[in-house]
Amino acid sequence: MTTLAWWQKGVIYQVYPRSFQDENGDGVGDLAGIAARLEYLATLGIDAIWLSPIYPSPMADFGYDISDYCAIDPVFGTLSDFDRLVERAHVLGLRVLVDFVPDHSSDQHPWFLDSRASRANAKRDWYLWRDPAPDGGPPNNWLSRMGGSAWEWDPSSGQCYYHSFLPQQPDLNWRNPEVCEAMDAVLRFWLDRGVDGFRVDVLWLLIKDALFRDNPTNPQFSPDEPGHHAQLQTHTEDQPEVHNIVRSMRRTLDSYGERVLIGEIYLPVPQLVRYYGSAGDGVNMPFNFQLITARWTASNIAQLITTYERALPVHAWPNWVLGNHDNPRVASRIGAAQARIAAMLLLTLRGTPTLYYGDEIGMADGKIQPELVRDPAELRQPGIGQGRDPERTPMQWDASGKAGFTRGKPWLPIGNAAAANVASQDGESWSILALYRRLLSLRRSEPALVAGSIGNVTAQGHVLTFERCLGSVRLFVALNMEDRPGAITSPAGRVVLSTREGRDGHRIAGELILDSDEGIVVACD
Ligand code: NOJ
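Residues numbered from 1 in each chain as written. Predicted model: local features only at pLDDT ≥ 70, side-chain atom pairs only at ≥ 80, totals over all residues. Heavy atoms only, no water.

Right, let's get into the overall build of the chain. The helix and strand inventory of the chain stands at 16 helices and 17 strands. A buried classification covers 59% of the 525 residues belonging to the chain. Accessible surface, the chain: about 19300 Å² in total, of which carbon and sulfur atoms supply 52%. Seen as two clouds, the 48 positive and the 64 negative side-chain charges of the chain have centres 4 Å apart. (Helix = DSSP H or I, 4+ residues; strand = E, 2+ residues; numbered from the N terminus. Buried < 20%, exposed > 50% of the residue type's maximum accessible area, 1.4 Å probe, protein only. Areas by Shrake-Rupley, 256 points an atom, 1.4 Å probe, with all protein chains shown as cover. Lys, Arg positive; Asp, Glu negative; His and termini not counted. Charge placed at Lys NZ, Arg CZ, Asp CG, Glu CD.)

Laid out in structure tokens, this is it:
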């Protein structure tokens, strides 16, 4: 345990700042709001918060379009608010991670305004500019992840620029050393302010094919998928040169001591784990999103854990993510009862867990009326399930009309706060919030859950079972992944934590029938 870094021992909690807590009453969450809720987070038992972007932005993609990398958007507060937040968090023993969005800036960033001003501008090559095709069409067939061509025609300078996402999010040219230097200065700016690490946005997209070759057609494409799935992203993602950039980011972080670099990377496991770096010099953790998309069956999850564990390089530290601001919430994906099982799974697996705000109270996706949709992904490609507003609705602090989130008009509708809110679950010993608190506290007090090996990962029928071992301590975890009882064989021991009332402390040995949707952690004799 003593040789592990804080981010290996800790649990990360993602805050989507617009939706966590609004202090100034404008209906959008802010830094002062997050600061006011730090005690709640410390009591919950997490170790670090990751803040989605808080920088000046026209908000075309709600902060993932940055117009100044080294400041705070007034909607969230000021740099002093940020400094106060970091200071208070550190006093409470919480680390602070910020979002780093190096792939693209806003089209309103001064760098891009310069770049677009003329072909001769010194910043022209900071972005990806190409001549149109001879017929006047886009330079190649590359598609945007927000629909349509990834090329935007700029009439004044007579060329097109590339955008992986919205036209308001031009991609930077990471083959230009000046861009690398400017972005390194951004990392240092925030490190100097005391941040403990970064989550790097779309890390696997930073470098594109130097020859701008067309992407091949995806033979498996089905029309209900996002448009860019019509192509294999052969030339627009996961290019070998990206690893040089990752190494350089890592060097910068390491020069500040124990900081953490996390990459947002959606790739199959064999490619994903390469981002750890061939000598452990890549990101500390490439986010492992498999639980978000996995078929929720014991055999599938058992298989996925085993495959992931086997694929990890020797130096690599695993991690697991249950939800984020880009995907439907876990409680909506698998239902309220299984969300409790997911909590136990996340917090007993080997590797750093990342929670998404509200998952600890079992918040479900909000319902968004068509006229209230704010997400540009949904507005540009309606009806293909791209909409991300449902998982971004305000945190439900209490059962009141505005859920204790704001005194103003919330920027997104409030979800079903009566069904899930902090205030009512606070006092209930079997609420999902109480379960999260117990699991987080067990993870803190039981080194085997952090530093222990994982083994015997098996599906016993529809019950997932595995063991975590450290020295003479052996913990057995059993998770019933269906809403019918499940018979298992268990080693002899004592139940140290159960998802349901009345099982804690029981001695068990041999045959055991778990209730529907029940999970247990057993300390083996
Ligand atoms: C990934 C972020 O998580 C997502 O919210 C955003 O739209 C894209 N990157 C573009 O920055």
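Now, onward.
Within the structure shown, the criterion is met by 30 salt bridges. A salt bridge links Lys 208 to Asp 103; its shortest N-O distance comes to 2.8 Å. Pair noted here: Lys 208 is in the loop between strand S7 (197-200) and helix H7 (242-254) and Asp 103 is in the loop between strand S3 (95-100) and helix H5 (110-117), with a separation of 105 residues, a long-range link. Residues Lys 208 and Asp 103 agree in their burial class; the two are buried. Residue Arg 503 is joined to Glu 518 by a salt bridge in which the shortest nitrogen-to-oxygen separation is 2.7 Å. Of this pair, Arg 503 sits in the loop between strand S15 (486-498) and strand S16 (507-514) while Glu 518 is found in the loop between S16 and strand S17 (519-524), placing the two residues 15 residues apart along the sequence. The exposure class assigned to Glu 518 is buried, which follows from its relative accessible area of 0%. Three or more residues are tied together by salt bridges with common partners; here these are Asp 61, Asp 326, Asp 375, Arg 388 and Arg 392. (Salt bridge = Lys/Arg side-chain N within 4 Å of Asp/Glu carboxyl O.)

If you walk through the whole model with that rule in mind, you get 27 aromatic pairs. Measuring from centroid to centroid gives 5.2 Å for Phe 20 and Trp 397, while their planes differ by 75 degrees, and the two rings are edge-to-face. One end of the pair, Phe 20, is in the loop between strand S1 (12-15) and helix H2 (31-36); the other, Trp 397, is in the loop between helix H13 (376-380) and helix H14 (422-426), with 377 residues separating them in the sequence. Overall, the relative accessible area of 0% leaves Phe 20 in the buried class. The exposure class assigned to Trp 397 is buried, which follows from its relative accessible area of 4%. Look at Tyr 40 and Trp 397: their rings are 5.0 Å apart centre to centre, the planes differ by 85 degrees, and that puts the pair in the edge-to-face class. Of the two residues, Tyr 40 sits in helix H3 (residues 38-44) while Trp 397 sits in the loop between H13 and H14, which places them 357 residues apart along the sequence. Note on accessibility: Tyr 40 and Trp 397 belong to one class, buried. (Phe/Tyr/Trp six-rings, centres within 6.5 Å; stacked < 30°, edge-to-face > 60°.)

Moving on: the domain arrangement of the chain. Each domain of the chain was delimited in the assignment, giving domain 1 (6-106 + 176-436), domain 2 (110-162) and domain 3 (452-524). Measuring from the centre of the C-alpha atoms in domain 2 to the corresponding centre in domain 3 gives 57 Å. (Domains from an automatic or database assignment.)

As a further point, take the sheet that holds strand S14 (residues 473-480). The sheet built from 6 strands is open, its strands ordered S12-S13-S14-S17-S15-S16 with antiparallel pairing. Two strands bound the open sheet, and with one partner strand each, they are strand S12 (453-460) and S16. Put simply, the sheet's adjacent strands are angled 35 degrees from each other on average, direction ignored. Looking at chain direction, S15 and S16 are connected through 7 bridges and run antiparallel. By the bridge assignment, Thr 489 is partnered in S16 with Glu 511. Lying over the sheet, helix H10 (residues 298-311) contacts S12 and strand S13 (463-470), oriented at roughly 155 degrees with respect to S12. Sitting on the sheet, helix H12 (residues 336-348) touches S13, S14, S15 and S17, and the angle it makes with S14 is about 155 degrees. (Pairing = 2+ DSSP bridges. Axes fitted to C-alpha atoms, helices over the stretch in contact; angles between N-to-C directions. Contact = heavy atoms within 4.5 Å.)

In a beta sheet, neighbouring strands are held together by backbone hydrogen bonds and run either parallel or antiparallel to one another. Reading across from one edge, S4-S6-S5 is the order of the 3 strands in this open sheet, with antiparallel pairing throughout. Looking at the sheet topology across the chains shown, the edges are occupied by strand S4 (129-130) and strand S5 (151-154). The sheet contact formed by S4 and strand S6 (residues 159-162) spans 2 bridges and is antiparallel. By the bridge assignment, Trp 129 is partnered in S6 with Tyr 161.

On to the packing of helix H6 (residues 177-192) against H7. Viewed as axis vectors pointing N to C, H6 and H7 meet at an angle of 25 degrees, and their least axial separation amounts to 10 Å. One way to sum up the angle between H6 and H7 is to call them roughly parallel. Both H6 and H7 take part in a crossing whose hand is right-handed. Listed contacts from H7 to Asp 184, Leu 187, Arg 188 and Leu 191 of H6 are Met 249, Thr 252 and Leu 253. When the residues that make up the contact of H6 with H7 are grouped by side-chain class, the tally is 4 nonpolar, 1 polar and 2 charged. (Parallel < 35°, antiparallel > 145°, perpendicular 65-115°, else oblique. Left-handed = near helix turned anticlockwise from the far one by under 90°. Nonpolar A, V, L, I, M, F, W, Y, C, P; charged D, E, K, R; others polar.)

Moving on, we come to the site of the ligand. The ligand sits among 13 residues. The nearest are Asp 61, His 104, Asp 201, His 325 and Asp 326. Contacts to the ligand include Asp 61, whose side-chain N or O atom sits 2.6 Å from an oxygen atom. Alone, the ligand offers 300 Å² of accessible surface; in the complex the protein occludes 98% of this. Considered class by class, the residues forming the shell around the ligand number 4 nonpolar, 2 polar and 7 charged. (Near = heavy atom within 4 Å. Polar contact = N/O pair within 3.5 Å; in protein donor to acceptor, adjacent residues only side chain to side chain.)

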